[in-house]
Amino acid sequence: MMKENLVKAFNAQVNAEMWSSNLYLSMSVYFAQSGYPGMASWMKAQSKEELEHAYEMIDFVIKRGGNIEIGQIDVVPVAWGTPLEVFEHVYEHECHVSKLIDDLLDVAIKEGDKAAQNFINGFVNEQVEEEDTAQTIVERLRKLDGHNLVYMDDKLGGRK
Ligand SMILES: [Fe+2]
Ligand SMILES: [Fe+2]
């Protein structure tokens, strides 16, 4: 059985993961409407991944006898600038999420919940990948300096 404080923190993180999913879905739509089908497809895959994170957390909390409430999700931005600016936003957002995951782990540590700590550690590792992936794309887009965006679009469109 999980402590109420931790259940509350998990509910907040589930909401944040769903918000992230909507953010990336919105970026996907933006790219699709800006003539970047590959980047649109990359963002859709990213959006699905965030929803999977929410599902994993929901399943874990329910398994531990905690109560999940799916609350309202705040609106997400709908427009950005260049592909570089969009991916810079992705990188900043993932750094923010890393902080949220660290905070969630702190609650689990404070409550002495070892199972939750183990579970959350998977997301700590995941965030290392998320930041690195976004950072790598940002660096490549910076090198292209507004050129060869069709090449990058094709490349990112290859994401499974
Ligand atoms: Fe996530
Ligand atoms: Fe993420």
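Residues numbered from 1 in each chain as written. Chains lettered and ligands numbered in written order. Predicted model: local features only at pLDDT ≥ 70, side-chain atom pairs only at ≥ 80, totals over all residues. Heavy atoms only, no water.

As annotated in an unreviewed UniProt entry, the protein chain carries the name Ferritin and comes from Butyricimonas hominis.

S.K.: So what about the coordination of the iron ion (ligand 1)? Which residues, and what values?
M.R.: The iron ion (ligand 1) binds to the protein through E17 (OE), E50 (OE) and H53 (ND1), with metal-donor distances spanning 2.1 to 2.2 Å. The sequence motif formed by the donor residues of the iron ion (ligand 1) is E-x32-E-x2-H. (Donors = N, O, S within 2.8 Å, 3.2 Å for Na, K, Ca; no water.)

S.K.: Residue-level account of the packing of aromatic side chains, with values.
M.R.: This structure, assessed with the given rule, holds nine aromatic pairs. Arranged with centres 6.1 Å apart and planes meeting at 50°, the rings of Y30 and F31 form a pair that is tilted. When sorted by exposure, Y30 lands in the same class as F31, which is buried. Considering the side-chain rings of F31 and Y36, the 6.0 Å spacing of their centres and the 85° angle between planes classify their relative orientation as edge-to-face. The exposure classification of F31 matches that of Y36, with both residues buried. These aromatic residues form a ring-pair network of at least three members: Y30, F31, Y36, W42, W80 and F87. Taking NZ or CZ as reference, R159 lies 4.5 Å from the ring centre of W42, over its face. (Phe/Tyr/Trp six-rings, centres within 6.5 Å; stacked < 30°, edge-to-face > 60°. Buried < 20%, exposed > 50% of the residue type's maximum accessible area, 1.4 Å probe, protein only. Lys NZ or Arg CZ within 6 Å of the ring centre and 35° of its normal.)

S.K.: Talk me through the coordination of the iron ion (ligand 2); I want residue IDs and the actual numbers.
M.R.: Here the iron ion (ligand 2) is held by the protein donor atoms E50 (OE), E94 (OE), E94 (OE) and E130 (OE), which lie 2.0 to 2.6 Å from it. Viewed at the metal, the four donor atoms of the iron ion (ligand 2) are separated by angles of 52 to 145°, and the geometry they form is irregular. Here the iron ion (ligand 2) and the iron ion (ligand 1) are spaced 3.5 Å apart, with E50 acting as a shared donor. With E50 in helix α2 (residues 37-63) and E130 in helix α4 (residues 114-144), this pair connects stretches of sequence that are 80 residues apart. E130 gets classed as buried once you look at its relative accessible area, which sits at 6%. (Tetrahedral: all angles 85-135°; square planar, octahedral: opposite > 155°, others 65-115°. Helix = DSSP H or I, 4+ residues; strand = E, 2+ residues; numbered from the N terminus.)

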